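Secondary and tertiary structure notes
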Amino acid sequence: MPTAYAYVRYSSAIQADGDSIERQTTPLDLFTKRFGVEITQTFIDEGVSSFKGDNIKRGRFRDILEMIESGEIRSGDFLVIESIDRISRQQMDETATQLYEILKKGINIYTTADERLYSIKDKKKDLENYMMIGLIAKRANEESEMKSRRRKSAWRRAKRAIKEENKVFNTPNNTPYGLRVVDGKFEIVEEEAKEIRDIFDRLKYQGVLTTIREVNKYSKRKWANRNVHVMLESKYVIGVYRSQHRENGKKVFEENIEGYYPEIVSAKDFYEAVGAMKRRASKTHYGNESTGSLNIFKHCIKCDKCGESMRFYRGKNSKGQQFSYVSCITKREFGSQKCKEQVFRFDYAVGNLLKYLRGLYFQHLEGLEYAPSLGNTDHLPSDENTRILEQNLPAQTPPESLQKADSLFLDMMRRVETGNASEVENKQRELAQAKSKLANLIESVEAFGGKIPTHIMKSLGETEENVEVLEKELNTMEATKAESLDIIHFDEFLELLHSERGRQRINRFFKDGEYTFHFRYDKGFRALYMAIKRNGEIVGRHAESFELHHPLLRDFGIKNYNDLGVK
């Protein structure tokens, strides 16, 4: 008893919403009544074109061919389709060869549109069948070729309209996230744009995965790696439309059209984020992001005894309380024979820095005498211990070189004058836009291959020259501007410490400024000695002893530093 299999295909979403499937499946009952053979399985290719043979390469029709090869579909069985063009719209010889390979295996092909049966057994109609298949294939291929040319022509006209008339041709289905089309114009959807701006702001300080995880806690959509990649590659968030065309079924870049979309993210913020990502990709230091970005010394903390990096981690004490700790990597890997540095609470490192900065603030900005404090020394066992600690603290009147170094480090607490900051920011924005245009032109030149239009080459040369000029101007302006966290009071630094974004800014300032913090801990006295270096030179020193319980509470109101990272 023969078996029948049906094949249904449509190539676009519009056809899916229309009557394409119903039109192709309704006549199947008539086939059964005529031949008395039930359709046992229907294969449907949704949104797959046969013009380039995609249905044969990777569609459900490929499954049918494999069933024929394996013998599951046997000689005498039926393949029921609406028309020859459902199987292939390729060139006539390719279509005819494909169908005759099926017919040669004894499988009957029935087309419901013209109620025609093609069979290798019907020798009288052999020539007629061959000619009919060829004619239908030729017509289908020409129709598809014409449709393809019309679509390409329509796209070319639309792209010209974008450049020359600022027309919008997007639909709700292909409008990027963060935008919508209202009365033929783009509008920014602020709720969605907020997510995008937050992503680019976070990418300056942290990786893509961490950024996505944080934004997804409140976002309207669920962000994934590929969504961020699309924004970076297409640059639509800074107003760029990426023009492409298809060659051999693949998208090929043509040119970037600037100013098509409204700007969701400034070019300055976009390229700052991209630059930060590139720096992280080529980093020579390693280590995962601490929860809540608690480690403000990430990639900047060193063991004063052996010079190697120190590791931040979280652990519990004997009572089950969780704290943040610091340990020397050398000692952890090779034991105390290589380094004898003790593990110590991260609170001590933070406290040491805070007391150092607070002392400098009062000395330099309030005009008060700077007398480094040992903190509460009541817990020390004797006057001898106090003498040992005092020997490790800076002198009451540091040498002139150290005073200069201290003032250099205080640049983080000096607010840049508004006028200068505004000029620098405007110049940075102008440079970012010029770099964006240059990147777009370079990409366009690569797409043209060997035939590059004269106006493109002229624009490329002018833009390269403009970027060089802007970079020189910006370097001159920034040469007189010290590194700054844009704060003016010690309490503002303390406030930064209480937020994750603030801690990220502090850490970035340390890394960009090439600061390293070298610590040595005396467990017996709970005393921590700190040397601050910049480019290998000491720019600050401090030593402090700490109480056993809540070492940051009395001076800075922090009961447990580890809790700052708990939301």
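Residues numbered from 1 in each chain as written. Predicted model: local features only at pLDDT ≥ 70, side-chain atom pairs only at ≥ 80, totals over all residues. Heavy atoms only, no water.

1. As for the pairing of strand 4 (residues 108-111)
What counts, and what does not: A 1.4 Å probe rolled over the protein chains alone gives each residue an accessible area, and that area as a share of the maximum for its type sets the label: buried under 20%, exposed over 50%, partly exposed in between. Note on conventions: DSSP H or I runs of at least 4 residues are helices, E runs of at least 2 residues are strands, and numbering of each starts at the N terminus. Any two strands with at least two DSSP bridges between them are considered paired.
Every second residue of strand 4 is oriented toward a common face, with Asn108 and Tyr110 on one face and Ile109 and Thr111 on the other, all of them buried. As judged from the 4 bridges shared by strand 3 (residues 78-81) and strand 4, these two strands associate in the parallel manner. In the sheet register, Val80 faces strand 4, and the bridge partner there is Tyr110. Summarising the sheet, strand 4 and strand 5 (residues 116-118) pair through 3 bridges and their orientation is antiparallel. Its bridge partner lying in strand 5, Ile109 is registered against Tyr118. Between the antiparallel neighbours strand 4 and strand 5 lie 4 residues, among them Glu115 with a positive phi of about 50 degrees.

2. Quick notes on the packing of helix 8 (residues 190-203) against helix 9 (residues 208-215)
Any two packed helices are characterised by how steeply their axes cross, that is the angle between the axes, and by the distance between the axes. What counts is decided by this rule: Angles run from 0 to 180 degrees between N-to-C directions of axes, and those axes are lines fitted to C-alpha atoms, restricted for helices to the stretch in contact. Working rule for handedness: look at the near helix, and if it is turned counterclockwise from the far one by less than a right angle, call the crossing left-handed; if clockwise, right-handed. In this analysis, two residues are considered to be in contact whenever any of their non-hydrogen atoms come within 4.5 Å of each other. Here the term charged refers only to Asp, Glu, Lys and Arg, the term nonpolar to Ala, Val, Leu, Ile, Met, Phe, Trp, Tyr, Cys and Pro, and the term polar to all other amino acids, Gly among them.
Look at helix 8 against helix 9: their axes get within 9 Å of each other, and the N-to-C directions meet at 145 degrees. In the packing of helix 8 onto helix 9, the handedness of the crossing is right-handed. Residues Glu195, Asp198, Ile199, Arg202 and Leu203 of helix 8 touch helix 9, and the partners they reach there are Val208, Thr211, Glu214 and Val215. When grouped by side-chain class, the residues that make up the contact of helix 8 with helix 9 number 4 nonpolar, 1 polar and 4 charged.

3. Some words on the nonpolar core
As a reminder of what qualifies: For our purposes a nonpolar core is just a set of buried Ala, Val, Leu, Ile, Met, Phe, Trp, Tyr and Cys residues, chained together by side-chain atoms within 4.5 Å.
In terms of nonpolar packing, the biggest core is built from 46 residues, with Phe297, Phe517, Phe519 and Tyr561 touching the most fellow members. Counting residues in each nonpolar core, the second largest holds 27 residues, with Ile196, Val240, Ile264 and Ala273 among its members.

Any functional reading would require information that these geometric values do not contain.
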